[in-house]
Amino acid sequence: MLSAIDLLRTRRSVKPVELTGPPPNAEEIAALLTVAARVPDHGKLTPWRFIVFDGAARQAAGEAIATAFRGKYPDSAPEQVAFERNRLARAPLVVAVVSRAQPHAKIPEWEQVLSAGAAAMNLVLAAHALGYAASWITEWYAYDRAVLDALGLAAHEKIAGFVHIGRSAQAPQDRPRPALADIATWHAG
Ligand SMILES: Cc1cc2nc3c(=O)[nH]c(=O)nc-3n(C[C@H](O)[C@H](O)[C@H](O)COP(=O)(O)O)c2cc1C
């Protein structure tokens, strides 16, 4: 079993199409969401929530994506529409992390948005800690009002990410990471 620091050092995204089942069970999903909710949150506003797409619910949500796609591109080929319908069914489990940031007397909206990002990242890391792989993506439908309405998002809510979760047959190759010298300034006493 990887130590926590080695898990953080080696985590990589795995593409939704490469994620296989079986999906996390109900107890594991509860554990994932509990960790996702355990993030810094200035003002304790809980400026995020989660929508779980499990089993056939993934296809049902995909129907809304396909309908929105057809609305935008009425002449699209049936294969394209079928591809869109399958968007949320590529991985065994998808969790939408929804930002509910709103203007607040004391807490800047920016900080609420950051907290939603932290929730999404915690979800990704919790999946890895349970032996799954994950991919945090948005894609076009995260920004489509018709899709957001169908998924039940209020006007002020935004998708921080659709976190795709499943199993990965092999460890993915790493990608280049920024050199610390380019991103960190170290002020030593
Ligand atoms: C908010 C957010 C949205 C993202 N949306 C997409 C996306 O739509 N498609 C995509 O290929 N990667 C997207 N990514 C990038 C992936 O999550 C991932 O960082 C990337 O594939 C690199 O993999 P790594 O996590 O192994 O570094 C997004 C990342 C963030 C933070």
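Reference entry: report on the structure contained in this document. (Residues numbered from 1 in each chain as written. Predicted model: local features only at pLDDT ≥ 70, side-chain atom pairs only at ≥ 80, totals over all residues. Heavy atoms only, no water.)

Moving on, we come to the environment of Ile137. Relative to the helices and strands, Ile137 is located in strand E3 (residues 133-137). Expressed as a C-alpha distance, the spacing of Ile137 and Val163, which sit 26 residues apart in the sequence, is 6.3 Å. In this view, Ile137 contacts Pro16, Arg90, Gly161, Phe162 and His164; residues no more than four positions away in its chain are not counted. (Helix = DSSP H or I, 4+ residues; strand = E, 2+ residues; numbered from the N terminus. Contact = heavy atoms within 4.5 Å.)

Let us look at the pattern of salt bridges. The tally for this structure, following the rule as stated, stands at nine salt bridges. For the salt bridge of Arg85 with Glu63, the shortest nitrogen-to-oxygen distance reads 3.2 Å. In this pair, Arg85 is assigned in helix H4 (residues 78-85) and Glu63 in helix H3 (residues 57-72), connecting sequence segments 22 residues apart. Classification of Arg85 by relative accessible area gives partly exposed; the value is 28%. A relative accessible area of 36% places Glu63 in the partly exposed class. (Salt bridge = Lys/Arg side-chain N within 4 Å of Asp/Glu carboxyl O. Buried < 20%, exposed > 50% of the residue type's maximum accessible area, 1.4 Å probe, protein only.)

Here the focus is the site of the ligand. In the vicinity of the ligand, the residues found are Arg11, Arg12, Ser13, Trp136, Ile137, Thr138, Glu139, Ala160, Arg175 and Arg177. Here an oxygen atom of the ligand and a side-chain polar atom of Arg11 are 3.0 Å apart. Here an oxygen atom of the ligand sits 3.0 Å away from a polar atom, N or O, in the main chain of Glu139. The fraction of the free accessible surface of the ligand (610 Å²) that becomes covered by protein chains is 58%. (Near = heavy atom within 4 Å. Polar contact = N/O pair within 3.5 Å; in protein donor to acceptor, adjacent residues only side chain to side chain. Areas by Shrake-Rupley, 256 points an atom, 1.4 Å probe, with all protein chains shown as cover.)

Time to look at the packing of aromatic side chains. In the structure shown here, the tally under the stated rule is five aromatic pairs. Ring geometry for Tyr141 versus Phe162: centroids 5.1 Å apart, planes at 45°, classification tilted. You can see Tyr141 sitting in the loop between E3 and helix H6 (145-150) and its partner Phe162 sitting in strand E4 (residues 158-166), a full 21 residues away along the chain. In terms of burial, Tyr141 and Phe162 fall into one category: buried. (Phe/Tyr/Trp six-rings, centres within 6.5 Å; stacked < 30°, edge-to-face > 60°.)

Taking strand neighbours across the sheet as the criterion, the four strands line up as E1-E2-E4-E3 in an open arrangement whose pairing is antiparallel. Unpaired on one side and paired on the other, strand E1 (48-54) and E3 mark the two borders of the sheet. Across the sheet, the axes of successive neighbouring strands diverge by a mean angle of 20°, strand direction being ignored. Together, E1, strand E2 (93-99), E3 and E4 form the strand contacts of helix H5 (residues 109-129), whose direction differs from that of E3 by roughly 155°. (Pairing = 2+ DSSP bridges. Axes fitted to C-alpha atoms, helices over the stretch in contact; angles between N-to-C directions.)

Turning next to unusual backbone geometry. Of note, the amide linkage connecting Gly21 to Pro22 takes the cis form, showing an omega dihedral of 0°. Its place among the elements puts Pro22 in the loop between helix H1 (4-10) and helix H2 (26-36). Positive phi values are uncommon outside glycine, yet Lys44 reaches one of about 50°. Locating Lys44 in the fold gives a position in the loop between H2 and E1. We note that Glu139 has phi near 65°; this positive angle belongs to a residue other than glycine. Positionally, Glu139 belongs in the loop between E3 and H6.

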